[in-house]
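Residue-level listing of the chains:
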Amino acid sequence: MHKQVETIQNDFASSIQKCLDLETADKIRVDLLGKKGTVTELLKGMKDLSIEDKKIYGPLLNQLRDSINSQIEAKISQINKEIMNKQLLSEKSDFSLPSQKTKTGTLHPITQVIYEAESIFKELGFVVAEGPEVETDFYNFEALNFPHDHPSRDMHDTFYLDTKENHLLRTHTSNVQIHVMKKMAPPVKVIMPGKVFRSDSDVSHSPVFHQIEGLYVDKNVSFANLKATLQYFTQRFFLKDTNIRLRPSYFPFTEPSVEVDVQCVICGGKGCGVCKQTGWLEVLGAGMVDPNVLKNVNIDPEEYSGFAFGMGVERLAMLKYGIDNIKLYYDNHAYFLEQF
Ligand code: DAH
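All values reported here derive from a predicted model rather than from experimental measurement. (Residues numbered from 1 in each chain as written. Predicted model: local features only at pLDDT ≥ 70, side-chain atom pairs only at ≥ 80, totals over all residues. Heavy atoms only, no water.)

Comments concerning helix α1 (residues 2-18)
Count 3.6 residues to each turn of an α-helix, and residues three or four apart come out pointing the same way. If you check α1, its first and last C-alpha atoms are 25 Å apart, about what 17 residues at 1.5 Å a residue would give, namely 24 Å. Where α1 is buried, its residues meet α2 (22-33), α3 (38-45) and α4 (51-90). (Helix = DSSP H or I, 4+ residues; strand = E, 2+ residues; numbered from the N terminus. Expected span 1.5 Å × (residues − 1). Contact = heavy atoms within 4.5 Å.)

Put into structure tokens, the structure is as follows:
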């Protein structure tokens, strides 16, 4: 038995020394310590030995098994280390290479236009206010001087939510004028961006779109102030020398009312397809706040006057960026949005 153990030890010593890969290491382990391995077989044979022999060979074989086991483990970890080192060397990183660009999102052009308009009006002392999208008839129409059953209500294709409570989706941001004036005493100088809803949908109309409303109420606010404010805005938003022109119009909540055109930003006023050869583009509605509206919110029209204006954000963005189809705003394709 001593001899056998010695042979096993010698054979093992030379084979483990030669061993260079994990497969061989595993084979050595199975041959010696596996279910039918040489050492395992010897251990199994112990039961047939006399008590004295068991006392001698038991510890000897156990020691042999443990020593083989730990040497194989050491070999395996050494081989693994070598494999890892080789891999690290072959995969050496070049830290001077430029990094891969990660794609970041951008603000939607509609949001960008709203932010830009807000910041221009802030320069003139306006503050930003918001109001509800689900509204009552009072704020959306009644208080803005749209009488019941008056044809001016037909200008807005309204989504009614319930007729009993008179809830509707606001058709314009002018509702916020009423909320603000009910809460604040003049001077009031606010800019009110938001979503509005109308039940029409075709190539140039979406049932949901965005408006920016403006309101300035104070003592002695004049039509000249309105004109100067709009001129300042359009020249900051479009080009420095963009001219505006005002055409008489009608809105129930302003008197007088105007529609405001900017000189065509595409052709500079010479006439092109976008401005239909007129040289002008309509961008917003405006006017002096109707005294009836001031009365509806308990502001004395004898003491105060004001101007208001409202513009479509999709239209502003279209003209600024040369976008020819409003559907592009809502498809949200990255290749479109990435350009802004
Ligand atoms: N609310 C109007 C609309 O949606 C736009 C508008 C016109 C707003 C004149 C105003 C204004 O504040 O003075 O068509």
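Points about unusual backbone geometry
For residues other than glycine, phi is negative in most cases, and the peptide bonds are mostly trans. Cis geometry is found at the peptide bond from Pro186 to Pro187, where omega equals 5°. Of note, Pro187 is situated in the loop between α7 (175-183) and β5 (188-197). In this structure, the amide linkage connecting Glu255 to the following residue, Pro256, adopts the cis form with an omega of -5°. Its place among the elements puts Pro256 in strand β8 (residues 254-263).

A look at the sheet that holds β8
With mixed pairing, 7 strands are arranged side by side in an open sheet as β1-β5-β6-β10-β9-β8-β7. With one partner strand each, in any of the chains shown, β1 (127-128) and β7 (244-251) form the two edges of the open sheet. This element, helix α8 (residues 223-237), spans β7, β8, β9 (280-289) and β10 (305-312) of the sheet and lies at about 30° to β10. (Pairing = 2+ DSSP bridges. Axes fitted to C-alpha atoms, helices over the stretch in contact; angles between N-to-C directions.)

Thoughts on the packing of aromatic side chains
Overall, the coordinates contain 15 aromatic pairs when judged by the stated rule. Relative to Phe309, the ring of Phe126 lies with its centre 6.4 Å away and its plane at 70°, an arrangement referred to as edge-to-face. Linking Phe126 in the loop between α5 (109-123) and β1 with Phe309 in strand β10, this pair joins segments that are 183 residues apart in sequence. Centroid distance Tyr216 to Phe307: 5.6 Å. Interplanar angle 75°. Geometry classified as edge-to-face. Of the two residues, Tyr216 is situated in strand β6 (residues 208-218) and Phe307 in strand β10; the sequence distance between them amounts to 91 residues. Grouping residues by exposure puts Tyr216 and Phe307 together as buried. Ring pairing ties together the aromatic residues Phe121, Phe126, Tyr216, Phe233, Phe237, Phe238, Phe307 and Phe309, which thus form one cluster. (Phe/Tyr/Trp six-rings, centres within 6.5 Å; stacked < 30°, edge-to-face > 60°. Buried < 20%, exposed > 50% of the residue type's maximum accessible area, 1.4 Å probe, protein only.)

Details of the pairing of β7
Relative to β8, β7 runs antiparallel, the two sharing 7 bridges. Residue pairing across strands places Pro248 opposite Val258, the latter belonging to β8. The hairpin turn running from β7 into β8, its antiparallel successor, is 2 residues long.

Section: the domain arrangement of the protein
How big an interface is tends to be stated in terms of the accessible area lost upon association of its parts. The domain architecture assigned to the protein consists of domain 1 (2-90) and domain 2 (109-337). Put simply, the middle of domain 1 and the middle of domain 2, counted by C-alpha atoms, are 87 Å apart. (Domains from an automatic or database assignment.)

Some points on the site of the ligand
Around the ligand lies a shell of 15 residues, among which His172, Ser174, Arg198, Gln211 and Glu213 are the nearest. With respect to the ligand, the side chain of Ser174 contributes an N or O atom lying 3.0 Å from a nitrogen atom. Contact distances for the ligand include 2.9 Å between an oxygen atom and a side-chain N or O atom of Gln211. Taken together, the residues of the shell around the ligand break down into 5 nonpolar, 8 polar and 2 charged. (Near = heavy atom within 4 Å. Polar contact = N/O pair within 3.5 Å; in protein donor to acceptor, adjacent residues only side chain to side chain. Nonpolar A, V, L, I, M, F, W, Y, C, P; charged D, E, K, R; others polar.)

A look at the side chain of Gln211
By the secondary structure assignment, Gln211 is in strand β6. A distance of 2.9 Å separates the side chain of Gln211 from the backbone nitrogen of Thr173, its partner in a polar contact. Apart from the residues lying within four places of it in its own chain, the contact partners of Gln211 are His172, Thr173, Met192, Pro193, Gly194, Val196, Arg198, Met311 and Val313.

With respect to the sheet that holds strand β3 (residues 160-162)
The 3 strands lie next to each other as β2-β4-β3, forming an open sheet whose pairing is antiparallel. Single-partner strands in this sheet number two, and they are β2 (134-136) and β3. Between one strand axis and the next, the sheet turns through 40° on average, direction left out of account. Two elements, β2 and strand β4 (residues 167-169), share 3 bridges in a ladder whose sense is antiparallel. Each bridged residue has a counterpart across the sheet, and for Thr136 the counterpart in β4 is His167.

Regarding the pattern of salt bridges
Per the counting criterion, the structure on display carries 12 salt bridges. Across the pair Glu123 and Arg236 runs a salt bridge whose closest N-O atoms are separated by 2.4 Å. Taken as a pair, Glu123 in helix α5 and Arg236 in helix α8 lie far apart in primary sequence, 113 residues in all. One salt-bridge network, in which partners are shared between bridges, spans Arg245, Arg247, Glu259, Asp261 and Glu282. (Salt bridge = Lys/Arg side-chain N within 4 Å of Asp/Glu carboxyl O.)

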